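Chains, contacts and geometry: an overview
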Amino acid sequence: MNRIQHLKKIASVKSNAGIKFLTSAAFPGSHCPLHTSLALSTNIRGMSTLVVGTAECSIYSRNVVKKARYSEETLHWMYVLDSNEVVFGCRKGVIDAIKEMDKEGAEAIMVILTCVPEVIGEDIEGIIHEVQPQVKARLSSVLMGHFRCNSHPSGYWKTLLSFGGMMEKRDINSNIVNILGRSTDEDNIPMPELLMELEKKGFHLRMLAPKSDIKDFIGATDAKLNLVISPYMNPLADMMDKQFSIPFISLHEIYNVLEIDETYRKIEEILSISWDNRFDELREKALMAEKKAEKELGGLRYISTGRNPIPPLALAFYLNKFNMIPILLHMEEFYPDDRQWAKKLEEVGINPFVCHMVNDKRDAPVLEELEPDLSFGEIFEGTGKVPCVSYLYELYGQIGYERTSFLLNRIMNTLENHKNKGGI
Amino acid sequence: MGLHRFSPPLSGRMGILRTLAPIRDSAIIEYGCMGHMMYGRMFLNRAGVSGMAKTYSTHIDEADISLGDTTRLNRAIAEIVEKDKPKVIFLLPSSVPQVIGTDLPAICKELQPEYPDIPLIPFGYGGFDVFGYRGVQEALLLLVKTLPIDIEKSKQKTFNIIGSCADLFRFQADADELIRIMEGSFGITPTCVMTSHTNVDDIWNMGNASINLVIRREGIPAAEYLQERFGIPYLVGRPYGIKGTIKWIEDIEKILNIPSNIEFIKSEEEIAKNQTLPTIPFFKHIFRSHPEEGTICLGGHADVVKGILTYATEEMMFNKGPCWCDSSDMSSEEIPYLTEEEWTAIIKSNKKSLLMASGEALEWGGGNLSLQISNPDTKWRLNPYLSPFVGFRGALNLIDLWLNAALDQDHD
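Residues numbered from 1 in each chain as written. Chains lettered and ligands numbered in written order. Predicted model: local features only at pLDDT ≥ 70, side-chain atom pairs only at ≥ 80, totals over all residues.

Considerations on the overall build of chain B
To keep it simple, the criterion reads: Put simply, DSSP H or I for four residues or longer makes a helix, DSSP E for two residues or longer makes a strand, and each gets a number counted from the N terminus. Computation of the radius of gyration draws on C-alpha atoms, with the globule rule given as 2.2 Å multiplied by the number of residues to the power 0.38. Here, residue contact means that the backbone-derived C-beta atoms of the two residues sit within 7 Å.
Of regular secondary structure, chain B possesses 17 helices and 12 strands. Whereas a compact globule of 412 residues would reach a radius of gyration of roughly 22 Å, chain B reaches 22 Å, a difference of no more than 12%. For chain B, the share of sequence-separated contacts (at least 6 apart) that also reach a separation of at least 24 residues comes to 72%.

Digging into the sheet that holds strand E7 (residues 190-195) of chain B
Residues and elements named next belong to chain B. Filter applied, for reference: Whether two strands pair comes down to DSSP finding at least two bridges between them. Lines fitted to C-alpha atoms define the axes here, with helix axes fitted over just the stretch in contact, and angles between the N-to-C directions of these axes take values from 0 to 180 degrees.
Taken together, the 4 strands give an open sheet; going across it, the order is E7-E6-E8-E9, and neighbouring strands pair in parallel fashion. What marks the edges here is a single partner per strand, and that holds for E7 and strand E9 (234-236). Mean inter-strand twist for the sheet, computed between neighbouring axes without regard to direction, equals 15°. Pairing of strand E6 (residues 159-164) with strand E8 (residues 211-214), which is carried by 4 bridges, proceeds in the parallel orientation. Of the residues in E8, the one forming a bridge with Phe159 is Ile211. Contacts between helix H8 (residues 171-186) and the sheet are confined to E6, E7 and E8, with E6 contributing the most and set at about 160° to the helix.

Quick word on the interface of chain B and chain A
Our working rule: Charged means Asp, Glu, Lys or Arg here, nonpolar means Ala, Val, Leu, Ile, Met, Phe, Trp, Tyr, Cys or Pro, and polar covers whatever is left, Gly included.
Of the residues lining the interface, 43 residues belong to chain B; the matching set on chain A comes to 39 residues. For the side of chain B that touches chain A, the element with the highest residue contribution is helix H2 (residues 34-46) of chain B, accounting for 8 residues. Classifying every residue of the side of chain B that touches chain A gives 22 nonpolar, 12 polar and 9 charged.

Considerations on the sheet that holds strand E8 (residues 223-228) of chain A
Residue and element names in this part refer to chain A. If you walk across this open sheet you meet the 4 strands as E7-E6-E8-E9, and the pairing is parallel. The outermost strands of the open sheet, each flanked by one partner alone, are strand E7 (204-208) and strand E9 (248-250). Sheet twist, expressed as the mean angle between neighbouring strand axes with direction ignored, is 25°. Sheet strands in contact with helix H11 (residues 257-271) are E8 and E9, and its direction is about 165° off that of E8.

Overview of the confidence of the model for chain B
Using the following cut-off: For every residue, the predictor reports its confidence as pLDDT, a number between 0 and 100.
Here chain B averages 95 in pLDDT, and 99% of its residues register 70 or above. Both scores are available for the predicted complex, with the pTM at 0.94 and the ipTM at 0.93.

Details of the environment of Phe27(A)
Topologically, Phe27(A) is positioned in the loop between strand E1 (8-9) and helix H1 (33-42). Each C-alpha atom, one on Phe27(A) and one on Lys361(A), is 8.6 Å from the other, the two residues being 334 residues apart in sequence. Beyond its immediate sequence surroundings of up to four residues, Phe27(A) is in contact with Asn359(A), Thr55(B) and Tyr56(B).

Topic: H11(A)
Residue and element names in this part refer to chain A. Filter applied, for reference: For a helix, the expected span equals 1.5 Å multiplied by the residue count minus one.
The end-to-end C-alpha distance of H11 is 21 Å, a good match for the 21 Å that 15 residues give at a rise of 1.5 Å each. Those residues of H11 that are buried lie in contact with helix H12 (280-296) and helix H16 (400-420). Immediately downstream of H11, the backbone of Ser272 shows phi near 55°, a positive value.

Focus: the domain arrangement of chain B
Residue and element names in this part refer to chain B. Cut-off, in case you're wondering: Here the limits of each domain have been adopted from an automatic or database domain assignment.
Taken domain by domain, chain B holds domain 1 (12-132), domain 2 (159-258) and domain 3 (271-408). Using C-alpha coordinates to define each centre, domain 1 is positioned 36 Å away from domain 3. Of the residues lining the interface, 4 residues belong to domain 1; the matching set on domain 3 comes to 7 residues.

So, unusual backbone geometry
Residues and elements named next belong to chain B. Residues Met194 and Thr195 are joined by a peptide bond in cis, for which omega reads 10°. Along the chain, the position of Thr195 falls in strand E7. Omega for the peptide link from Asn375 to Pro376 comes to 10°, which places this bond in the cis form. Within the fold, Pro376 resides in the loop between helix H16 (359-365) and helix H17 (391-408). The backbone of Asn257 shows a phi angle near 60°, a positive value even though the residue is not glycine.

Remarks on the domain arrangement of chain A
Here the domain parsing of chain A yields domain 1 (2-28 + 297-390) and domain 2 (33-149). Between domain 1 of chain A and domain 2 of chain A, the C-alpha centre-to-centre distance is 35 Å.

Thoughts on the UniProt feature "domain: Nitrogenase/oxidoreductase component" (unreviewed entry) in chain A
Let me state the cut-off plainly: UniProt positions are given in the numbering used here, feature names are shortened, and annotations may be inferred rather than shown by experiment.
What UniProt calls "domain: Nitrogenase/oxidoreductase component" (unreviewed entry) maps, in this numbering, to residues 32-415 of chain A. Between the end C-alpha atoms of residues 32-415 of chain A there is a gap of 35 Å, over a span that is 43% helix and 17% strand.

A closer look at the nonpolar core
Condition: We define the nonpolar core as any set of buried residues of the types Ala, Val, Leu, Ile, Met, Phe, Trp, Tyr and Cys, connected via C-beta atoms lying within 7 Å of each other. Counts of 20 or more other C-beta atoms within 10 Å of a residue's own C-beta define buried residues, counts of 12 or fewer define exposed ones, and intermediate counts define partly exposed ones; C-beta atoms are placed from the backbone.
In terms of nonpolar packing, the biggest core is built from 254 residues, with Leu50(A), Ile112(A), Ile29(B) and Ile308(B) touching the most fellow members. Top contributing element to this core by residue count: helix H7 (residues 132-146) of chain B, with 8 residues. Non-local contacts of Ile29(B), meaning those with residues more than four positions away in its chain, are made with Tyr56(B), Thr58(B), Leu73(B), Ala76(B), Ile77(B), Ile80(B), Ile89(B) and Leu91(B).

Overview of the pairing of strand E4 (residues 108-113) of chain A
All names here are of chain A. The buried fraction of E4 amounts to 6 of the 6 residues, a majority that puts the element mostly inside the structure. Residues Ala108, Met110 and Ile112 of E4 are buried on one face, and the alternating residues Ile109, Val111 and Leu113, pointing to the opposite face, are buried as well. Here strand E2 (residues 47-53) runs beside E4; their pairing, made up of 6 bridges, is parallel. Directly across from Val51, in E4, lies its bridge partner Ile112. Across 6 bridges, the pairing between E4 and strand E5 (residues 138-143) is parallel. Bridge pairing in E5 links Ala108 to Arg138.

Here we look at the environment of Asp187(A)
Structurally, Asp187(A) is set in the loop between strand E6 (173-180) and helix H8 (193-200). On a C-alpha basis, the gap between Asp187(A) and Asp222(A) in space is 26 Å, while along the polypeptide they are 35 residues apart.

Considering the packing of helix H1 (residues 12-20) of chain B against H7(B)
The geometry of a pair of packed helices is captured by two quantities: the angle between their axes and the separation between those axes. Residue and element names in this part refer to chain B. Our working rule: Any angle that is under 35 degrees is reported as roughly parallel, and any over 145 degrees as roughly antiparallel; angles of 65 to 115 degrees are reported as roughly perpendicular and all others as oblique. Rotating anticlockwise by less than a right angle from the far helix to the near helix defines a left-handed crossing, while the corresponding clockwise rotation defines a right-handed one.
At a minimum axis separation of 6 Å, H1 and H7 run at an interaxial angle of 45°. The orientation of H1 relative to H7 falls into the category oblique. H1 and H7 meet at a crossing whose hand is right-handed. Contacts from Gly12, Arg13, Met14, Gly15, Ile16, Thr19 and Leu20 in H1 reach Gly132, Tyr133, Arg134, Gly135, Val136, Glu138, Ala139 and Leu140 in H7. For the contact of H1 with H7, the per-class residue count stands at 7 nonpolar, 5 polar and 3 charged.

Remarks on the pairing of strand E10 (residues 295-300) of chain B
All names here are of chain B. Stated precisely, the cut-off is as follows: Throughout, right-handed denotes a crossover for which the path from the first strand over the helix to the second runs clockwise when the strands point away from the viewer.
For E10, the buried fraction is high: 6 of the 6 residues fall into the buried class. Of the two faces of E10, the one holding Thr295, Cys297 and Gly299 and the one holding Ile296, Leu298 and Gly300 are both buried throughout. Pairing geometry for E10 and strand E11 (residues 319-325), over 5 bridges, is parallel. When the sheet's bridge partners are listed, Leu298 is paired in E11 with Cys323. You can see the chain leave E10, run along helix H14 (residues 302-315) and come back into E11, and the turn it takes is right-handed. Note that E10 and strand E12 (residues 354-356) share 3 bridges and pair parallel. The residue of E12 that forms the bridge with Cys297 is Leu355.

The structure is reproduced here in structure tokens:
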């Protein structure tokens, strides 16, 4: 444990700044939030982008923009600061750039400020406020300085939150449910049973995620309920609750069958529907998996690596049900909600070390020295002696009873396979 | 720099990184936000520069910025020295440390005594008014000022190539062709090909060479320094075309004062001429009856554009169309620097001409992508063994490209 003593335990972490690197030299490290902010914005129909920053940010952004879904009808331009603007600010240049894009017909513009304009304190909100009355395009902005975080998730959730600023108050339509975190054409990700059932019952599901139309965001305030299935979407749902009184239910962070029961019941209540016995079979399977897990997983010490995309604190809280003990958790991002999860963990006496992993080769021996019984996420460059629950990204977009069964069975299968291969 | 619809010019920082990244046995640490090096490495991977210098980032956070705390850098250096044991560590500033004025030279000076066997070399030219080619120039100069050891001239003549860097399109293939020609013409091998085919030892030993071949103008200050310190003469130029390549060999012959291998040169010339011969009637027809299609437009590094233009117009009788370079520092009357608005207008109004430019420009203009001669690129380039543009093989490659591009046009 000596090699992780420089890390903090989750109870003492209040923000991204508290998440220290496991080892010091980043290779390859993590993407900056510009990448995700731009990838998200350029996949929204009608959304043009203006990246404000250095040549590095701009040149890299060309790779992201190349995959823009609606590039024929949108503009993806860059504003590069010169040495004068680094000292005196880039306000005039950015305003001129916005006007130029407006003149070229941009419908909506997301202005993405990267590290340098954020360090020099450029007041982008002031700029937007000043220029909005002069242009037709709807303007939004995000500050994407990488020095405020370790990795890319804020590029998603802050950008989505910024889309919220464009929303317009509408009358509630009790037949519409917003699904926050699923795209309209995610054919490669199975549709969760809950959403299929809502469709069967005649609800219109408005998917809010990359590949949505900007008009979907603007008019999303007519929904009866927001169902959140991605950690990136909680801040937007929270904002819509406060600003437009649309209740939300976060499904992505609930694994416990009894809690899922309660969540599904709330959905019934809000939407004035009854599931009848639609989920009984799935529920029974999940309960059986939990019973088996109680026998097999008790007392196991585990870690979570950078290859685990599941937010680790909510997962750790659930795994405590089986007396599993987290010893070190990689955190891609300390989300606004994570304070609440850290507190919940502290209340049940769980306080693992947390870190950000940036170098597979250097991190692997440190992780193996901890001698965990299990790793959530692969340990690349490791020796294979730690059983790893792999391909966890397959859980992305999944919710409910079926996800609980899937997760627990995968954990138990991983342990079984490792044992069969001669592991402990 | 202002508003851009296409990739803006490289920063000096990016020029430095692209110069240092191919140097094996070295480590590069960029002090700053991780995304910076992530993006830099992405370009290098795409350009086929992987696993050469070890490239790391330290990352920085708000506390580091507000307190000026650089201990992340100290920790990263210690870890890299312990695990990688590089022969030299290059330190690069990224944009935020540049803004807040982090003093990398002072940090290196302070830490150097802890690592007496591993030079810590800080690079400057990270400012916001310095473009990529200036970064290349300064990196080449700092390398030759800091690394070469005092050494006697090699008994067997050798040469250095200065300026084969990852920022130029198809840089590896061009360097390979020059090495092949030097071996064929003079029977000599390189000490150091700076920096595409090199390691730290090669740079240490480059003072033993008999001639420095400077293949882009950014290498001149480095060559001048080496001439002053080691007495190594240098030749500036990129050999394009058959005559141009023979002239280049003759210039080297004069400097080295050794006879070239006439048989090798004649054989190369004959192969090129024989291959070209059947195409001559077609090209003559194009130049006479379709002068617009017989016009060549070029955009890219000034030395590349100049070299290909000379070959195309003097050896092949193409008409010179609008040509431009991609750096305001290199702008001239013959090959001016053009803004996005200017070069896009040229592409729009010269649809019938042969356009050789960056991948980005060709893609935007709907041009023939096989005619790419410069960056920004839009593709991955994992294969370093493609045909060059320089030398005898480059001459044949260019004719092949021009011929097929012209045939693709609809002629009577």
